[in-house]
Amino acid sequence: MPKDTFYITTAIDYTNSAPHIGHAYEKLLADVIARYQRSCGKEVYYLTGVDQHGQKVQQSAEREQIPAQEFADRNTAKFIEMWQLLGLQYDGWAATTHPQHKAVVQAILQKLYDAGQIYKATHTGYYSVRQEQFLTDKERNEEGEFGPEWGEVEEREEENYYFKLSDHIEWLKAFVHAHPHFVYPAFRAKELVNALERADAIDLCITRPKSRLEWGIEIPFDTDYVTFVWFDALINYISFAGYLKDEVAVDTAGLPDFEALWPADVHLIGKDIMVPAHAVYWPIMLHAIGFPDEAMPKLVVHGFWNDKRGEKLSKSEGNVIDPATRVERFGREGLRYYLMSAIATGRDADFNDERIEDAYSQDLAKNLGNLLNRSLNMPKRYRERVLTKDADYDDDLNREIRETFTTLPERVAEKMANYQVNLALEVIWSALTLCNQYVDKTAPWALAKDENEAVRLDSVLYHLAEAMVHAAFHIAPVMPETSQRMQDQLNYHFPEGFTVADLKWGLLPDGHQLGEGTPLFPRLT
Ligand code: MSP
């Protein structure tokens, strides 16, 4: 089966803590891109999930004296609950303790081992007992020492398995050079090129001895070791997409067809995990497994949400932002709108409760909610809610409205092609502003008083209502429920399978009866 599906994935979240606004932003951005692609008529598969193995999970579980699986499951439930609260719609759930994923990771390890891509070696180095990791010169402070944060540091010798990353660095350099769109945005692609120029040709340690880490996928050719968590986690993008479904059929229920999906159109990740994990290890892993250059995925790298002072969100600083409290105050779609409008994809932004309040009151309650209300109340007052489609009246103001809304799909598409949801929303909101000005300029309340203006009034009321139908279509990827509520109030519902190609001016028929208006975004108390 040929690739016919838009395949979008996000990073999988560590289950050693609860979801915060940063995790939520990434999953939401993918949800919005997925919904947008569907609205363009594309088949879409959205995969997200949780990264359940690794040292941090093991340590947290030990602190609570419960089994690691129990700890991972409990925290996984928190992520799932949060994604439901935010109204995310994903097609696949990648939890890395899933038996099929484990089996695929093991099959890949065995294949690479058999191909001579994995070897065993002894490493001697400085080891932090507290952090349970080997340290490199990068961890030394300005005085050239390992600071107190590392606790006791001792020299240790350890045997592990290594993946021959160095064999493929030259291939990766050439690949990145020949594929400038491997990473979006361009400034991040440049960062990768710079990093590769400086890269040491070293191999990747892909195991941990069970004596210090048990919570991982056992390697198939030596039961004393588990797989390094990144090697395991990256494989989720293919194992949960149906890769090796036939050869390694442990638990394949619900898995899609790999050929229909791969290569991924978007791996959506934060800037902190681009180099080395996603832009160095991952393409090299795929290349070593045998994926050709045309089958490399695309990385879309987003920025970070910081606190309102621009400080990094951190659990120890106590400034992490809990999405649930904001959903409580601004509603699910109030938060969705803010998270999508107040950050430029690729850049950082500061999370600010005053600005979310502003966005709610101005953009949502006033520019959208109030406009819809006017568009419904005036026909109610003057025409018993019934629209006349082809009123024998036209002027430049009407033409401007039609022109604005009929060109909206392509103007939104231009922004969405680069995942710039904030700019797409700006384009949509400028169309709403135009509608608000249109109401002020045409002053339907004055037209209603003059019998000679009856036809013009019909045309104004039609233009407004039809514009609201189009607005309901365009806001749907970011605010699906608001779009539904608008359709309910307009008493017009996009039929099943309706796509942007069907979005023509004049959807509302002559004699259309509008519904009852209720505020979309009630005043905040
Ligand atoms: N488990 C790894 C990813 C493995 S992918 C094969 C991981 N997990 S994480 O929980 O730390 O981060 C998950 C995602 O959330 C990453 O893409 C990360 O960049 C993103 N974010 C974490 N904090 C963030 C912000 N403050 N702002 C925006 N995104 C942030 O890394």
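Because the structure is predicted, anything quoted here is derived from the model rather than measured. (Residues numbered from 1 in each chain as written. Predicted model: local features only at pLDDT ≥ 70, side-chain atom pairs only at ≥ 80, totals over all residues. Heavy atoms only, no water.)

### A look at helix H2 (residues 55-64)
Quick note on the threshold: Here the term buried applies to any residue with accessible area under 20% of the maximum for its type, exposed to any over 50%, and partly exposed to those in between, with areas from a 1.4 Å probe on protein chains only. Secondary structure elements are taken from DSSP: a helix is a run of H or I of four residues or more, a strand is a run of E of two residues or more, and numbering for both begins at the N terminus. Whether two residues touch is decided by their heavy atoms; if any such pair falls within 4.5 Å, the residues are in contact.
When H2 is considered as a whole, its buried residues turn out to be Gln 55, Val 57, Gln 58, Ser 60 and Ala 61. Summarising the contacts, the buried residues of H2 are in contact with helix H3 (68-85).

### Remarks on the nonpolar core
Put simply, the rule is: In plain words, nonpolar cores are sets of buried Ala, Val, Leu, Ile, Met, Phe, Trp, Tyr and Cys residues tied together by side-chain atoms within 4.5 Å. Each domain's extent is set by a domain assignment, obtained either automatically or from a database.
Judged by nonpolar contacts, the single largest core of 93 residues is most densely connected at Trp 305, Met 340, Trp 429 and Met 486. Considering every element that reaches this core, the biggest residue donor is helix H17 (residues 454-475), with 13 residues. In this structure, this core is formed jointly by two domains, domain 1 (6-303) and domain 2 (353-502), each of which donates at least three residues. Sequence-distant contacts of Met 340, that is, excluding residues within four places in its chain, are made with Tyr 25, Leu 28, Leu 29, Val 32, Val 421, Asn 422, Leu 425 and Val 478.

### Some remarks on the side chain of Asn 236
Relative to the assigned elements, Asn 236 resides in helix H8 (residues 236-239). Asn 236 gets classed as buried once you look at its relative accessible area, which sits at 1%. In this structure, Asn 236 is in contact with Ile 12, Leu 47, Ala 94, His 101 and Ala 241, ignoring residues within four places of it in sequence.

### Focus: the sheet that holds strand E6 (residues 133-135)
What counts, and what does not: At least two bridges found by DSSP between two strands are what make those strands a pair.
If you trace the four strands from one edge of the open sheet to the other, you get E6-E5-E7-E9, paired in antiparallel fashion. At either end of the open sheet lies a strand with only one pairing partner, and these are E6 and strand E9 (204-205).

### Here we look at a negative patch on the surface
So the rule is basically this: By definition, no residue in a patch forms a salt bridge, and every one has over 30% relative accessible area; like charges are joined within 9 Å, nonpolar side chains (Val, Leu, Ile, Met, Phe, Trp, Tyr) within 5 Å. Residue burial considers only the protein chains on display, and all accessible areas are found by Shrake-Rupley using a 1.4 Å probe. A pair is scored as a salt bridge if a Lys or Arg side-chain nitrogen falls within 4 Å of a carboxyl oxygen belonging to Asp or Glu. Think of it this way: Lys and Arg go in the positive column, Asp and Glu in the negative one, and His and the chain ends go nowhere. To locate a charge, take atom NZ for lysine, CZ for arginine, CG for aspartate or CD for glutamate.
Together, Glu 400, Glu 403, Glu 410 and Glu 414 make up a negatively charged patch on the protein surface. When contributions to the negative patch are tallied by element, the ones reaching two or more residues are helix H13 (396-406) and helix H14 (408-416). Relative to the helices and strands, Glu 410 resides in helix H14. We classify Glu 410 as exposed; its relative accessible area is 55%.

### Quick look at the pattern of salt bridges
Within this structure, the stated rule accounts for 29 salt bridges. Of the charged contacts in the structure, one is a salt bridge between Asp 307 and Arg 309, with a shortest N-O distance of 3.6 Å. Among the residues examined, Asp 307 registers a relative accessible area of 5% and is labelled buried. Taking the relative accessible area as the measure of exposure, Arg 309 reaches 62% and is therefore exposed.

### Section: the pairing of strand E5 (residues 118-128)
The sheet contact formed by E5 and strand E7 (residues 153-163) spans 11 bridges and is antiparallel. Bridge pairing in E7 places Ser 128 opposite Val 153. Pairing of E5 with E6, which is carried by three bridges, proceeds in the antiparallel orientation. By the bridge assignment, Tyr 126 is partnered in E6 with Leu 135.

### Considerations on the site of the ligand
What counts here: Any residue with at least one heavy atom within 4 Å of a molecule or strand is counted as near it. Any N or O atom pair separated by 3.5 Å or less is treated as a polar contact, with the protein-specific requirement of one donor-capable and one acceptor-capable atom, and with residues adjacent in sequence counted only for side-chain atom pairs. Each residue receives one of three labels: charged for Asp, Glu, Lys and Arg, nonpolar for Ala, Val, Leu, Ile, Met, Phe, Trp, Tyr, Cys and Pro, and polar for the others, Gly being one of them.
The full set close to the ligand counts 24 residues, and Ile 12, Glu 26, Asp 51, Gly 270 and Asp 272 are the nearest of them. For the ligand, a nitrogen atom lies 2.8 Å from a polar atom in the backbone of Ile 12. In this structure, His 23 approaches the ligand through a side-chain N or O atom, which is 3.3 Å from an oxygen atom. Alone, the ligand offers 660 Å² of accessible surface; in the complex the protein occludes 94% of this. If you list the elements that add at least two residues to the shell around the ligand, you get strand E2 (13-14), helix H1 (21-39), helix H7 (229-234), H8 and strand E13 (266-270). Considered class by class, the residues forming the shell around the ligand number 12 nonpolar, eight polar and four charged.

On their own, these measurements won't tell you what the molecule is for.
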